[in-house]
Amino acid sequence: MASEKPLAAVTCTAPVNIAVIKYWGKRDEELVLPINSSLSVTLHQDQLKTTTTAVISKDFTEDRIWLNGREEDVGQPRLQACLREIRCLARKRRNSRDGDPLPSSLSCKVHVASVNNFPTAAGLASSAAGYACLVAAGVGLSPVIPVLKRLMGEKHCRPGVQDQPGQHTYTLARVYGVESDLSEVARRGSGSACRSLYGGFVEWQMGEQADGKDSIARQVAPESHWPELRVLILVVSAEKKLTGSTVGMRASVETSPLLRFRAESVVPARM
């Protein structure tokens with residue numbers, strides 16, 4: 001039997017963000033809740049970006065993901081958390097509509113392909129751009145694009161820098177019909193990913209609630225706030241970091257006597 005046409009296919013891009021007040025350390029590793037708030041600047045996608053395509057089809061027998069042309073383990077806990085949260089939001093959205101049946105896409109598998117145009121896992125926030133792109137990417141769209149993206153077939157986002165919060169289009173979120181603030185979902189994949197949902201200068205609020213509902217990102221100033229700002233990036237090595245951020249943070253939380261002072265006194269004074 002011939003393969004069926006994909007139920008939906010979306011291609012989007014997302015930017016890298018560089019922290020100027022860094023988040024370092026988690027108080028809850030499963031929910032990815034930080035021990036301090038953070039502030040970052042979002043870089044323009046003309047130079048650095050992640051491009052992600054998500055496709056849903058009845059022909060797919062399992063979820064799969066590729067990064068830079070290489071298939072990765074789709075069972076990674078954080079990736080699964082993102083998929084689970086997006087599908088849950090899609091179900092809630094449909095259940096809120098009386099008599100509106102669940103779309104067939106919710107029972108289908110998704111294939112995701114993501115490509116970075118910069119070194120991956122080498123200290124340039126590839127996970128932030130990657131997970132932001134996975135759940136809610138393609139910043140800086142004109143109002144007509146989200147309407148076009150509801151149509152069947154492949155959809156494309158224009159690269160750019162978002163100046164106003166909320167102008168998201170979606171990768172996973174769009175193929176599953178979710179339209180909401182996805183800051184919390186992106187955070188579950190990679191903490192700093194929630195900051196890549198916005199352009200300009202972005203604060204990730206650490207929050208206080210145990211469930212992390214108030215640990216979200218918000219834009220505090222647009223790109224135009226500091227028009228003379230330039231970021232110079234010199235790649236001295238494209239090799240993967242020997243110690244990943246998650247491992248490094250855990251070690252700092254467990255061993256550094258100064259980390260709590262930084263989180264409780266130094267960072268709040270500078271935010």
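The following refers to the structure shown. This is a predicted model, so every value here is computed, not measured. (Residues numbered from 1 in each chain as written. Predicted model: local features only at pLDDT ≥ 70, side-chain atom pairs only at ≥ 80, totals over all residues. Heavy atoms only, no water.)

1. Considerations on the overall build of the protein chain
Of the regular secondary structure elements, the protein chain holds 7 helices and 12 strands. Within the protein chain, the fraction of its 271 residues that count as buried is 46%. Restricting the contact set of the protein chain to residue pairs at least 6 apart, pairs at least 24 apart contribute 74%. (Helix = DSSP H or I, 4+ residues; strand = E, 2+ residues; numbered from the N terminus. Buried < 20%, exposed > 50% of the residue type's maximum accessible area, 1.4 Å probe, protein only. Contact = heavy atoms within 4.5 Å.)

2. With respect to the packing of aromatic side chains
Throughout the structure, instances matching the rule amount to 2 aromatic pairs. Centre to centre, the rings of Y23 and W204 are 4.7 Å apart; their planes meet at 70 degrees, and the pair counts as edge-to-face. Here the residue Y23 occupies a position in the loop between β2 (17–21) and β3 (26–28), and W204 occupies one in strand β11 (residues 201–204), the gap between them amounting to 181 residues. Relative accessible area serves as the criterion here: at 7%, Y23 is assigned to the buried category. (Phe/Tyr/Trp six-rings, centres within 6.5 Å; stacked < 30°, edge-to-face > 60°.)

3. Some details on a nonpolar patch on the surface
Among the surface-exposed residues, V231, I233 and V235 lie close enough to one another that they form a single nonpolar patch of about 220 Å² accessible area. Positionally, I233 belongs in the loop between β12 (217–221) and α6 (245–255). Owing to a relative accessible area of 32%, I233 belongs among the partly exposed residues under this scheme. (Patch = residues over 30% accessible without salt bridge, like charges linked within 9 Å, V, L, I, M, F, W, Y side chains within 5 Å. Areas by Shrake-Rupley, 256 points an atom, 1.4 Å probe, with all protein chains shown as cover. Salt bridge = Lys/Arg side-chain N within 4 Å of Asp/Glu carboxyl O.)

4. Thoughts on helix α7 (residues 259–270)
Look at α7: 15 Å from first C-alpha to last across 12 residues, which is about the 16 Å you get at 1.5 Å a residue. Among all positions of α7, only L259, A263 and V267 are buried. An end-on view of α7 places all buried positions within 60 degrees of arc, on one side of the element. Pointing more than 90 degrees away from the buried face of α7 are the exposed residues R260, F261, E264 and A269. On its buried face, α7 is in contact with β2 and α6. (Expected span 1.5 Å × (residues − 1). Arc of directions from axis to C-beta.)

5. Re unusual backbone geometry
The backbone of V32 sits at a positive phi, close to 55 degrees, despite the residue not being glycine. Relative to the assigned elements, V32 resides in the loop between β3 and β4 (33–34). Judged by its relative accessible area of 0%, V32 falls in the buried class. Unlike most non-glycine residues, N68 shows phi in positive territory, near 55 degrees. With respect to the helices and strands, the residue N68 is situated in the loop between β7 (64–67) and β8 (70–72). By relative accessible area, which is 38% here, N68 ends up partly exposed.

6. Re the environment of V74
With respect to the helices, strands and loops of the structure, V74 is situated in the loop between β8 and α1 (77–95). Spatially, the C-alpha atoms of V74 and E62 are 9.4 Å apart, while their sequence positions differ by 12 residues.

7. Brief notes about the sheet that holds β2
Strands in a sheet are paired, the pairing made by backbone hydrogen bonds, and the direction either parallel or antiparallel. As summarised here, the arrangement of the 4 strands in space is β2-β5-β11-β12, forming an open sheet in which the pairing is antiparallel. Sheet topology places β2 and β12 at the edges, where each strand pairs with a single neighbour. On average, each strand axis in the sheet is inclined to that of its neighbour by 35 degrees, with strand direction left out of account. In terms of strand pairing, β11 meets β12 through 4 bridges, oriented antiparallel. Pairing of F201 across the sheet is with A221, part of β12. (Pairing = 2+ DSSP bridges. Axes fitted to C-alpha atoms, helices over the stretch in contact; angles between N-to-C directions.)

8. Things to note about the nonpolar core
Within the largest apolar cluster, 40 residues are counted, with the highest numbers of intra-cluster contacts made by I86, V110, L134, L172 and Y176. Of all the secondary structure elements, the ones that give two or more residues to this core are β1 (8–15), β6 (49–57), α1, β9 (109–116), α2 (126–135), α4 (172–175), α5 (183–189) and β11. The next biggest cluster of nonpolar side chains, apart from the first, holds 5 residues, and it includes V16, L43, L48 and A129. (Core = buried A, V, L, I, M, F, W, Y, C linked by side-chain atoms within 4.5 Å.)

9. Describing the pattern of salt bridges
Side chains bearing opposite charge may pair, as long as their charged atoms lie close to each other. In this structure the tally under the stated criterion is 7 salt bridges. Note that E29 is salt-bridged to R250, the shortest N-O span being 2.9 Å. Here E29, found in the loop between β3 and β4, pairs with R250, found in helix α6; they are 221 residues apart in sequence, far enough to count as distant. Using a relative accessible area of 33% as the deciding quantity, one classes E29 as partly exposed.

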